[in-house]
Amino acid sequence: MQNIKKILFSIILVITMFMLPAHHVMADDNSNVNNTNDTSVKDIKEKGTLVVGVSADYPPYEFTAKVGDKTKYVGMDIDIARKIADDLGVKLELKNMDFDSLLVALETHKIDGVISAINPTPERRKNVDFTELYYSGKQVILVNEADRDKYQTKADFNGQTIGAQTGSLLYDLVKEQMPKAKVKGLAKLNNLVIALQTGKVQGVAMDQPTAEAYAVNNKGLVIMDPKFKVDADQTGYAMAFAKGSDALVDAANKSISEIKEQNLITNDYIPKASKYMKTTTEDNDLIDYWSYFLKGIEYTLLITAISVVIGFILGTLLALMRLSDNKIAHAISVAYIEFIRGTPLMVQVMFVYFGIGAVVQSLPALVAGIIATSLNSGAYIAEIIRSGIDSIEKGQTEAARSLGLTKNQTYRYVVIPQALKNIWPALGNEFITLIKESSIVSIIGVTDLMYQTQLVQSATYKGVAPLFVTMIIYFIMTFSLSKVLGHFERKMNHD
Amino acid sequence: MTKLIEIEHLQKHYGENEVLKDISETVNEGQVICVVGPSGSGKSTFLRCLNVLEQPTAGKIIFEGQELTNVSEKALNELREKMGMVFQNFNLFPNMNVVENIMLAPMKVKGVNRSEAKKQALELLAKVGLQEQAEQYPQSLSGGQKQRVAIARALAMNPAVLLFDEPTSALDPEMVGEVLKVMQDLAEAGMTMVVVTHEMGFAKEVADEVWFMADGYIKEVAAPEEFFTAPKTERAQEFLSKVL
């Protein structure tokens, strides 16, 4: 057992090591040939779309707004990306994901570019190429109005906790320049603002325009200036492309200098963004967002239903392999089950999307999410089925075999039907778990209920209320399922 | 007399534990054999080796001229259907009702159609006196009724021999009679039977031959009247003094 696990672990480690550098090597190769033969622009033009990743929770740079019944990604970054796409003569396609995942998605070629108020730090420059800076903002800290007098300088935060988006420049700034304060890192800015409002953190570090948006939309929040020391590369924002796509960077730079010449950002983009923010705030009754929740429910149910079916088939197969006399089949099944049960679903979801997705470039997030949850539930269902089969007395098999039934017939007509009845409650439990755990796929941008909730949070600037609605929706789904399963259980027991 | 089952130097070991040491005997067609002996002497293991539910460690089982210990899985399945088995704990399938229990093997193994299988099953149930219980589920039957259904289920495959593994040991005393009666009827109808049992009365009355097993060997083979009145071996004398 130990050995199998070790071997499997090494195999996966080796695969991972090969896969990630492989891209760097490929990218380096490209950059060598690049000067003479860079196809980055040509590829985009052939494809007809420029796929740009954003983390749309950072108004006024990028955020979501409800226009009629539809969700739109809006903000100045979005306008810049659209201008670049227009200048290239292609369509703009936006992919919304966690800020942390953006550059990984770019490196693994899930997307063509990233625009999301990213600072082109030297570390980041090692892995991706940046355009010229298109905007420079100031970094500030959002605090509760009641604390306005308490926090005047950086030193006032000594011993207190400051929130910052993980993977952002702000996070590093707080860490380096406020060593006596604690940093709390979360992926979503919305959640950080909730943490501030509920007193979990005393301040949230963010960009000035964003902070202003939050301050305007939330009474009781104000801005303080900690006077961070920063250089231009750290305060400015640039768009990122994959390493070696010089032609694409050049094309984007041309659009950016036009934007600068015509002063489009201050004259057009920011006013437009503010307008969206204002309409959103005026129109932020949760009931208006029912279609968001509905879409989320649809996806959550879809992912769960497909994963249950695939997981059940896979689980049955694995259980039979584990119980079989064939040593190899047994070993494979044991190794698979132990490995899947021994690693977090969140890691598996990201591994399938970014890892396998690096090989299969066109793997959509939804499919990756379904694959990961199916593979995961397969392992758990396998163990449930195995315990069910083990619970059937040996005498049942012997009686069937003595009548001349084959091994397969014995399983099919005698063992499995009885096992199924015994494991029904455990199986039902697994299905309910799956509904809840499928919420993890929101991290790779699948529009399930959890993801939609985050959209509603950022669109309404309300943190707790959408979470409460979502909690109720999840409960209604799991409770109805458990009622339905209970009905079938009673029906089976009548027999 | 035609030989039906030949057992040649049969051995069965579980690791260090030698349950069957060296057994060679023959079951002839139409014979009723009762295997008796002290607990733990290997009677049940011996019976289960006959249809290879237990794989023998060494030796041969030859059934209708074919060596069971050395045939393909498919051939073994086909030979097994001719060796019906009745278990101490009945082993009825709780997920099916009585008549479905009986119909399963004829339909799935022999490919008999549903209505034909049902007709035959009901006839067999009538034979064991349970036609009324056809649609009931096993858990609502008494022990004696369950065992009679189990016998009917084994008979449905038209076996050449029936193997009984202590068929009355798990029954309440008042139900033993009804099961033994069914078995006696079968014996009188000419069915070949190998019965592992503690029912000495049944052995005395119905058996053609009594095989006395002890310590992993068959120590004595005799007609019942001879075995029960004048056992030859000391081991058998000792055993009979305890049970009679």
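Residues numbered from 1 in each chain as written. Chains lettered and ligands numbered in written order. Predicted model: local features only at pLDDT ≥ 70, side-chain atom pairs only at ≥ 80, totals over all residues. Heavy atoms only, no water.

- Chain B has the name ABC-type polar amino acid transport system, ATPase component in an unreviewed UniProt entry, where Ligilactobacillus ceti DSM 22408 is given as its organism.
- Regarding chain B, the UniProt comment filed under Sequence similarities (unreviewed entry) reads as follows: "Belongs to the ABC transporter superfamily."
- Turning to chain B, the UniProt annotation filed under Subcellular location (unreviewed entry) states: "Cell membrane". (UniProt positions renumbered as here; feature names shortened; annotations may be inferred.)

- An unreviewed UniProt entry lists chain A under the name Amino acid ABC transporter, from Ligilactobacillus ceti DSM 22408.
- Regarding chain A, the relevant UniProt record gives this comment under Subcellular location (unreviewed entry): "Cell membrane".
- For the record of chain A, the UniProt heading Sequence similarities (unreviewed entry) holds the text "Belongs to the binding-protein-dependent transport system permease family. HisMQ subfamily."

### Observations concerning the overall build of chain B
In step 1: Along chain B, the regular secondary structure elements total 9 helices and 10 strands.
In step 2: Of all 244 residues assigned to chain B, the portion counted as buried reaches 53%.
In step 3: With the model as given, the accessible surface of chain B reaches about 10300 Å², and the carbon-plus-sulfur share is 45%. (Helix = DSSP H or I, 4+ residues; strand = E, 2+ residues; numbered from the N terminus. Buried < 20%, exposed > 50% of the residue type's maximum accessible area, 1.4 Å probe, protein only. Areas by Shrake-Rupley, 256 points an atom, 1.4 Å probe, with all protein chains shown as cover.)

### Quick look at the interface of chain A and chain B
In step 1: Listed per partner, the contact involves 19 residues of chain A and 26 residues of chain B.
In step 2: Interface area for chain A against chain B, summed over the two sides, is near 1900 Å², with a carbon-plus-sulfur share of 57%.
In step 3: On inspection of chain A and its partner chain B, the count reaches 2 salt bridges.
In step 4: Across the pair Arg-401 of chain A and Glu-73 of chain B runs a salt bridge, and its minimum N-O distance is 2.7 Å.
In step 5: Taken together, chain A and chain B are joined by 8 residue pairs in polar contact (both at pLDDT 80 or more).
In step 6: Tallying contributions element by element places helix α16 (residues 394–402) of chain A first for the side of chain A that touches chain B, with 8 residues. (Contact = heavy atoms within 4.5 Å. Buried area = accessible area lost by both parts, 1.4 Å probe. Salt bridge = Lys/Arg side-chain N within 4 Å of Asp/Glu carboxyl O. Polar contact = N/O pair within 3.5 Å; in protein donor to acceptor, adjacent residues only side chain to side chain.)

### Here's the deal with the packing of aromatic side chains
In step 1: Scanning all chains against the criterion turns up 11 aromatic pairs over all chains.
In step 2: Note on Tyr-58 of chain A and Tyr-61 of chain A: the rings are 5.6 Å apart at their centroids and 25° apart in plane angle, and the pair reads as stacked.
In step 3: An angle of 55° between the planes, with centres 6.1 Å apart, marks the rings of Phe-46 of chain B and Trp-211 of chain B as tilted. With Phe-46 of chain B in helix α1 (residues 43–50) and Trp-211 of chain B in strand β9 (residues 209–214), this residue pair connects regions lying 165 residues apart in the sequence. (Phe/Tyr/Trp six-rings, centres within 6.5 Å; stacked < 30°, edge-to-face > 60°.)

### Some words on unusual backbone geometry
In step 1: In this model, Pro-59 of chain A is joined to Pro-60 of chain A through a cis peptide bond whose omega is 5°.
In step 2: Its location among the elements puts Pro-60 of chain A in the loop between β1 (49–54) and β2 (63–67).
In step 3: The phi angle at Ala-117 of chain A is positive, at roughly 50°, despite the residue not being glycine.
In step 4: Position of Ala-117 of chain A relative to the elements: it lies in strand β5 (residues 113–118).
In step 5: Looking at Ala-117 of chain A, the relative accessible area reads 7%, which means it is buried.
In step 6: Positive phi is not limited to glycine here, since Val-52 of chain B has a value of about 55°.
In step 7: Structurally, Val-52 of chain B is set in the loop between α1 and β4 (58–63).
In step 8: Classification of Val-52 of chain B as buried rests on a relative accessible area of 5%.

### Let's talk about the packing of helix α7 (residues 189–197) of chain A against helix α18 (residues 449–460) of chain A
Residues and elements named next belong to chain A.
In step 1: The interhelical angle for the contact between α7 and α18, taken along N-to-C directions, is 60°, at an axis separation of 9 Å. The hand of the α7/α18 crossing is left-handed. Contacts between α7 and α18 involve Asn-190, Asn-191 and Ile-194 on the former and, on the latter, Gln-454, Gln-457 and Ser-458. (Axes fitted to C-alpha atoms, helices over the stretch in contact; angles between N-to-C directions. Left-handed = near helix turned anticlockwise from the far one by under 90°.)

### Here we look at empty space enclosed by the protein
Residues and elements named next belong to chain A.
In step 1: This structure, assessed with the given rule, holds 3 cavities of 30 Å³ or more.
In step 2: Approximately 110 Å³ is the volume attributed to the largest cavity.
In step 3: Residue lining of the largest cavity: 15 residues in total, with Tyr-58, Phe-99, Ala-117, Gln-165 and Ser-168 positioned closest to the centre.
In step 4: Going through the elements one at a time, β5 and α6 (169–177) are the ones with two or more residues in the lining of the largest cavity.
In step 5: Partitioning the lining of the largest cavity into residue classes produces 6 nonpolar, 5 polar and 4 charged.
In step 6: Both domains that meet at the lining of the largest cavity, namely domain 1 (37–136 + 235–283) and domain 2 (139–232), each give it at least three residues. (1 Å grid on protein atoms, 1.4 Å probe; cavity = no way out; pocket = protein on both sides within 12 Å on 5 of 7 lines; lining within 4 Å. Points joined across faces, edges and corners; volume = space filled by probe spheres on them. Nonpolar A, V, L, I, M, F, W, Y, C, P; charged D, E, K, R; others polar. Domains from an automatic or database assignment.)

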